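One letter stands for each residue in the lines below.
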Amino acid sequence: MRGAFGGAALAAGFVISTSAEAAPLRVMSLDQCGDQYVLALSPDATLALSPRADDPDSWMKAQAAGRRRIRPTLEAAIAFRPDVVVRYWGGEPRLLAALERRGITVLTIDDATTMQGVHDNITRVADGLGQRQRGAHLSALMQGRLAKASPRTSDSNSSALYLTPGGFTAGTGTLIDAVLKAAGFSNLATSPGFAPVSVERVALSPPRRFVLGFFDLFRSDWRGPGRHPVMQRASDGRVAAKLPAAVLTCPAWFAADAAVMVSQGQ
């Protein structure tokens, strides 16, 4: 009787252990960029997304529909009990320190400025989520998209100026620069980082091509220098591509899609 009870207890213990091991990973995202990564790499996990997961500038907004969204606070994290937290810029230092003290893995997405940097982000986050195979698949898809971004005509191999509604451009050491180069364009902005564009300079010497970004967000800097009538006249008939905000808000695999859009004049 005792042996039978011991065997039953052992079997029950095995069932409990197996059930616990099979429980889905609990993953919390602290910002919109983190949302993109967890939705792509770990969609079958128990997810808690950021409040901006389904905003218009979210690449994965359709996949975010119906998912739980919570504020990036310690109180919310304690209530949700995540195994892993994914972030780009979200989460203030005290929150991150408190999460790590509780033994929660915090995966930070780097501010990648090259396509290789994006691949590194995918690999690191995929490994941290226990999804190495999905990460490799996503990197392969990205590489395939980059192969399609090669220039289709000799005219594509020209210079272009990236411009936002706020009147800013992106020079060397930015992911936009990598996108332009992947599409076969040289970047007219040669200074490092982001900088304002002079309306007067554009009026006097308009670039041959413009690549516009964020102009699909109609309320974004609606009175900014990038929307100035002089800029509109200068860019008329010279727009190589209009990049939606959704491909620009996060250093992720869809940077390759942005390169395809530029190369194909979308």
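This section reports on the structure supplied with the text.

1. Topic: the overall build of the chain
Part 1: Counting its regular elements, the chain contains 11 helices and 10 strands.
Part 2: Counting the 266 residues in the chain, one finds 47% classified as buried.
Part 3: Relative to all contacts within the chain whose residues are 6 or more apart in sequence, the contacts with residues 24 or more apart total 64%.
Part 4: Entry remark: accessible area of the chain is about 13800 Å², with carbon and sulfur atoms responsible for 56%.

2. Re the pattern of salt bridges
Part 1: On inspection of all chains with the given rule, the structure shows nine salt bridges.
Part 2: We note a salt bridge from aspartate 55 to arginine 52, for which the minimum N-O separation is 2.9 Å.
Part 3: By relative accessible area, which is 24% here, aspartate 55 ends up partly exposed.
Part 4: What makes arginine 52 partly exposed here is its relative accessible area of 32%.
Part 5: Among the salt bridges present, the one from aspartate 110 reaches arginine 124, with a minimum N-O distance of 3.2 Å. Taken together, the positions of aspartate 110 in the loop between β4 (105-108) and α6 (115-128) and arginine 124 in helix α6 put the pair 14 residues apart, joining distant regions of the chain.
Part 6: A single network of salt bridges, built from pairs that share partners, joins Arg52, Asp55 and Asp57.

3. A word on the packing of helix α8 (residues 175-182) against helix α11 (residues 255-263)
Part 1: Interhelical geometry of α8 versus α11 gives an angle of 50° and a closest axis separation of 8 Å. One element, α8, and the other, α11, form an angle in the oblique class. The chirality of how α8 crosses α11 is right-handed. Every residue of α11 that contacts α8 at Leu175, Val179, Leu180 and Ala182 is listed here: Ala255, Ala258, Ala259 and Val262.

4. What about the packing of α6 against helix α7 (residues 132-147)?
Between two packed helices, both the angle of their axes relative to each other and the distance between the axes serve to describe the pair.
Part 1: Where α6 meets α7, the closest approach of the two axes is 8 Å, and the angle between their N-to-C directions is 160°. Our classification of the angle between α6 and α7 gives roughly antiparallel. Once α6 is placed against α7, the crossing between them reads as right-handed. Of the residues in α7, those touching α6 at Met115, Val118, His119, Ile122, Ala126 and Asp127 are Arg132, Gly135, Leu138, Ser139, Met142, Gln143 and Leu146.
Part 2: Within the contact of α6 with α7, the residues separate by chemical class into seven nonpolar, four polar and two charged.

5. Topic: the environment of alanine 256
Part 1: Topologically, alanine 256 is positioned in helix α11.
Part 2: On a C-alpha basis, the gap between alanine 256 and lysine 148 in space is 9.0 Å, while along the polypeptide they are 108 residues apart.

6. Description of α7
Part 1: For α7, which comprises 16 residues, the first-to-last C-alpha distance of 23 Å matches the rise-based estimate of 22 Å (1.5 Å per residue) to within 8%.
Part 2: Those residues of α7 not exposed but buried are Gly135, Leu138, Ser139, Met142 and Leu146. Relative to the axis of α7, the buried residues are bounded by an arc of 100° and lie together on one face. Looking at α7, the residues exposed on the side facing more than 90 degrees away from the buried face are Gln133, His137 and Ala147.
Part 3: Its buried side turned inward, α7 meets α2 (32-41), α6, α8 and α11.

7. Examining the pairing of strand β1 (residues 26-29)
Looking down a regular strand, the side chains alternate between one sheet face and the other.
Part 1: Burial along β1 is two-sided: the residues Arg26 and Met28 and Val27 and Ser29 are all buried.
Part 2: Bridge analysis of β1 against strand β2 (residues 46-48) gives three bridges, and the strand direction is parallel. Bridging from a neighbouring strand, valine 27 pairs with leucine 47 of β2.
Part 3: For the crossover that starts at β1, traverses α2 and ends in the parallel β2, the hand is right-handed.
Part 4: Pairing between β1 and strand β3 (residues 84-87): three bridges, direction parallel. Bridge assignment links valine 27 to a residue of β3, and that residue is valine 84.

Reading the values: the criteria
Residues numbered from 1 in each chain as written. Predicted model: local features only at pLDDT ≥ 70, side-chain atom pairs only at ≥ 80, totals over all residues. Heavy atoms only, no water. Helix = DSSP H or I, 4+ residues; strand = E, 2+ residues; numbered from the N terminus. Buried < 20%, exposed > 50% of the residue type's maximum accessible area, 1.4 Å probe, protein only. Contact = heavy atoms within 4.5 Å. Areas by Shrake-Rupley, 256 points an atom, 1.4 Å probe, with all protein chains shown as cover. Salt bridge = Lys/Arg side-chain N within 4 Å of Asp/Glu carboxyl O. Axes fitted to C-alpha atoms, helices over the stretch in contact; angles between N-to-C directions. Parallel < 35°, antiparallel > 145°, perpendicular 65-115°, else oblique. Left-handed = near helix turned anticlockwise from the far one by under 90°. Nonpolar A, V, L, I, M, F, W, Y, C, P; charged D, E, K, R; others polar. Expected span 1.5 Å × (residues − 1). Arc of directions from axis to C-beta. Pairing = 2+ DSSP bridges. Right-handed = clockwise from strand over helix to strand, strands pointing away.

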